[in-house]
Amino acid sequence: MLFKDWIDDMKNELGKIKRNKNNIQKLYDGMYENLGNLHAPGLGLFRKQFIQKFGKEFESHFGKRGSKLLDMKASEFNSIADSLFLKMKGQQEPGNLKECSPWMSEFKPEFLRHELEIPGQYDGKGKPLPEYHAKIAGFDERIKVMQSIRKPKRIIIRGSDEREYPFLVKGGEDLRQDQRIEQLFDVMNSVLSQDAACSQRGLQLKTYQVIPMTTRLGLIEWIENTCTLREFLLKNMSEQEKSDYNSSRGPRADYSEWLSKMGDRNAGLANYASAYKKASRNETVTSFQQRENLVPGDLLRRAFVKMSTTPEAFLSLRSHFASSHALMCISHWILGIGDRHLSNFMVNMETGGVVGIDFGHAFGSATQFLPVPELIPFRLTRQFVNLMLPLKETSLINSVMVHSLKAYRLYPDLLINTMDIFVKEPSLDWKVGCLVVCPGLSA
């Protein structure tokens, strides 16, 4: 992912009307130090194997110290970089911590002059007492590589209090936005706790620690006993339903086929703009309902029935799921949070509560930068409605949304002032977004 990020940065530099040779050389040197220098200190086996395979190719394609990049056409760079990136995709992921970082694998606190604290112990709600904070005693050798685009890795830090602290190490994104969104949720929780109706219903957003370390790397607190809403639903499909879902007659294939009728058959999601212009409302609704009927409408209900040992347990889990989801939907809508696909909702397998993750698209950016603009205010599909039968959305979901929105409207200044930091200190993603919209601007 380091190389992918470097490609994006270099494309921005080469796309400028007036190229800055110092910036181009600096970008190349930084990339080569991390991905091409076999003598760099602290390299693990995984990085050494990568450098041995690709280090010489960098100099071959881009010249010594990136000399060929200075006069390279953007189209030529794109072709070379994309070809290299495809080769890198076949790399085997590291199996243990030592392959990634020998320093972390062999870490002992007595090697350091000062102790290192476990990250995420400062909440900003009171005077910090570092003398009572847990310190890092070591790292577990096990790591788990996630299957999402950025391939984040879960590590476990062992604390001096004999507890284990799991974190997700995520690269390639500026996690300051996620951190600030979580801080906004904390402010929203204080607003909800001051409102009688919300306090009585126990309405609180589930938050977690986000620790940005650089503009490209950070740690995210791992939430135990959770799975994505996508996994939650797929687990409750029969083998035949899974086969039908993934077949050439399934909803995704049907959607691709419908889009291809609107434009180029090989363009995929690029046909969305053509479909938006050409398809009538009736045609679109009918097409959507046909695809909807290809998926069982009671998957979510099945999942909660399977989790429950008694009817009372089912009602309790369902109630917690519906209230947490309704509160999250209203809170996300106020902040313009987008990219709400099924892998960005986590379901707690003990309580049934919902947690939102990955806030890379906020303040309406999902309507502008995603290939398919996200225009819906929140997710309320028939899976949610069928779970809440017989009253559907008119009871608990409606009540939670109304009371939470009333509470937020009582304190608009508090929320707006907290959001001011996004304008005063924009994240790297915001700056990149500006370059996409206005290529002539300098970051």
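From a predicted model like this one, the values you see are computed outputs, not experimental measurements.

What follows concerns empty space enclosed by the protein. Taken as a whole, this structure holds one cavity of 30 Å³ or more when the rule is applied. The calculated volume of the largest cavity comes to roughly 40 Å³. Lining the largest cavity, in full, are F321, A322, H325, F384, L387, M388 and I397. Within the residue set of the lining of the largest cavity, elements represented by two or more residues are α15 (311-334) and α17 (382-387). The element that contributes the greatest number of residues to the lining of the largest cavity is α15, accounting for three residues. Here the lining of the largest cavity is built from residues that sort into six nonpolar, one polar and no charged.

What follows is about the nonpolar core. Core analysis: the biggest nonpolar cluster contains 57 residues, and I181, L300 and Y408 have the highest contact counts within it. If one sorts the elements of this core by residue count, α15 sits on top with nine residues. Not counting chain neighbours up to four residues away, the residues in contact with L300 comprise L229, F232, L233, F321, Q383, F384 and L387. In this structure, I7, I24, A81 and F85 belong to the second largest nonpolar core, which totals 21 residues.

Here the focus is the sheet that holds strand β9 (residues 354-356). Across the sheet, which stays open at both edges, the three strands sit in the order β7-β8-β9 with antiparallel pairing between neighbours. Edge positions in the sheet fall to β7 (226-228) and β9, since each of these pairs with one other strand and no more. The sheet shows a mean angle of 30 degrees between the axes of neighbouring strands, taken without regard to direction. Sheet topology note: the β7/strand β8 (residues 345-348) ladder contains three bridges and is antiparallel. Note that in β8 the partner of C227 across the bridge is V347. Of the strands in this sheet, β8 and β9 touch α15, which is tilted by about 20 degrees from β9.

What counts as what
Residues numbered from 1 in each chain as written. Predicted model: local features only at pLDDT ≥ 70, side-chain atom pairs only at ≥ 80, totals over all residues. Heavy atoms only, no water. 1 Å grid on protein atoms, 1.4 Å probe; cavity = no way out; pocket = protein on both sides within 12 Å on 5 of 7 lines; lining within 4 Å. Points joined across faces, edges and corners; volume = space filled by probe spheres on them. Helix = DSSP H or I, 4+ residues; strand = E, 2+ residues; numbered from the N terminus. Nonpolar A, V, L, I, M, F, W, Y, C, P; charged D, E, K, R; others polar. Core = buried A, V, L, I, M, F, W, Y, C linked by side-chain atoms within 4.5 Å. Buried < 20%, exposed > 50% of the residue type's maximum accessible area, 1.4 Å probe, protein only. Contact = heavy atoms within 4.5 Å. Pairing = 2+ DSSP bridges. Axes fitted to C-alpha atoms, helices over the stretch in contact; angles between N-to-C directions.

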